[in-house]
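Letter by letter, the chains look like this.
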Amino acid sequence: MNYISWAVVALGAYSLVAPLMKVATTGQGKIPSDVAALIANGVLVAATIGVIVVSGQNVSDSVVSSKLPYVLFAGVCLAVGILSYYRALALGPVSIVAPIFGMFLALSSVVGIVALGEPVTIRKAAGILFAVLAVVLVSVE
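Note that the structure is predicted; figures quoted are calculated from it, not measured.

J.: Would you explain helix α5 (residues 68-91) in this entry?
T.: Its 24 residues give α5 an end-to-end C-alpha distance of 35 Å, which sits within 8% of 34 Å, the value for a rise of 1.5 Å per residue. Within the span of α5, buried status applies to Ile82, Tyr85, Tyr86 and Leu89. In this structure, the buried residues of α5 make contact with α1 (3-15), α2 (17-24), α3 (33-55) and α6 (94-102).

J.: What should I look at first to understand the packing of aromatic side chains in this one?
T.: The relation between two aromatic rings is expressed through the spacing of the ring centres and the mutual angle of the planes. Within the structure shown, the criterion is met by four aromatic pairs. Ring geometry for tyrosine 85 versus tyrosine 86: centroids 6.1 Å apart, planes at 40°, classification tilted. For the pair tyrosine 85 and tyrosine 86, one class covers both residues: buried. Between phenylalanine 101 and phenylalanine 104, the aromatic rings sit 5.2 Å apart at their centres with planes inclined by 55°, giving tilted as the arrangement. Accessibility expressed as a relative area gives 22% for phenylalanine 101, which makes it partly exposed. Judged by relative accessible area, which is 39%, phenylalanine 104 ranks as partly exposed. The rings of Tyr14, Tyr85, Tyr86, Phe101 and Phe104 are connected pair by pair, giving a single aromatic cluster.

J.: Whenever I open this one, the environment of leucine 68 confuses me. Can you help?
T.: One can find leucine 68 in helix α5. In this structure leucine 68 comes out as partly exposed when scored by relative accessible area, which is 24%. The spatial distance from the C-alpha of leucine 68 to the C-alpha of arginine 123 is 34 Å, given a sequence separation of 55 residues. Setting aside its immediate chain neighbours within four residues, leucine 68 contacts Ser62 and Val63.

J.: Explain the pattern of salt bridges here, please?
T.: For side chains of opposite charge, pairing can occur when their charged atoms come near one another. Tallied over the full model, the rule gives one salt bridge. Of the charged contacts in the structure, one is a salt bridge between aspartate 34 and arginine 87, with a shortest N-O distance of 2.7 Å. With aspartate 34 in helix α3 and arginine 87 in helix α5, this residue pair connects regions lying 53 residues apart in the sequence. Since its relative accessible area comes to 38%, arginine 87 is described here as partly exposed.

What counts, and where the lines are drawn
Residues numbered from 1 in each chain as written. Predicted model: local features only at pLDDT ≥ 70, side-chain atom pairs only at ≥ 80, totals over all residues. Heavy atoms only, no water. Helix = DSSP H or I, 4+ residues; strand = E, 2+ residues; numbered from the N terminus. Expected span 1.5 Å × (residues − 1). Buried < 20%, exposed > 50% of the residue type's maximum accessible area, 1.4 Å probe, protein only. Contact = heavy atoms within 4.5 Å. Phe/Tyr/Trp six-rings, centres within 6.5 Å; stacked < 30°, edge-to-face > 60°. Salt bridge = Lys/Arg side-chain N within 4 Å of Asp/Glu carboxyl O.

Below you can see the structure in the form of structure tokens.
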């Protein structure tokens, strides 16, 4: 599979996270959002270990890589982002929380352009602006 195929799989799977977490963290028998994050991310860790084992990837080389601080900081950002996202889903409507959270896609694009020197085109700039507009239209009550 190429990167587009993987992105489409990610889109499909991740599109179900917000509604499932909303159901799990609200109403009768609700699970606290932090506990839901622990369980869901425990599944992620177990699945990742399985993929690493099956594919025969070497973990020990990566642990001593000079790139490890980037991975660790990404992990901190991921933890803050996911814990905050799940808390927001427990407190607010999916139709507002998910689009605001989804703005990370446009913001990541801007970071890629500004910090990583990725090329900017009129089409990319328009896409980012339309993404912001879409989120504003969807999330303002």
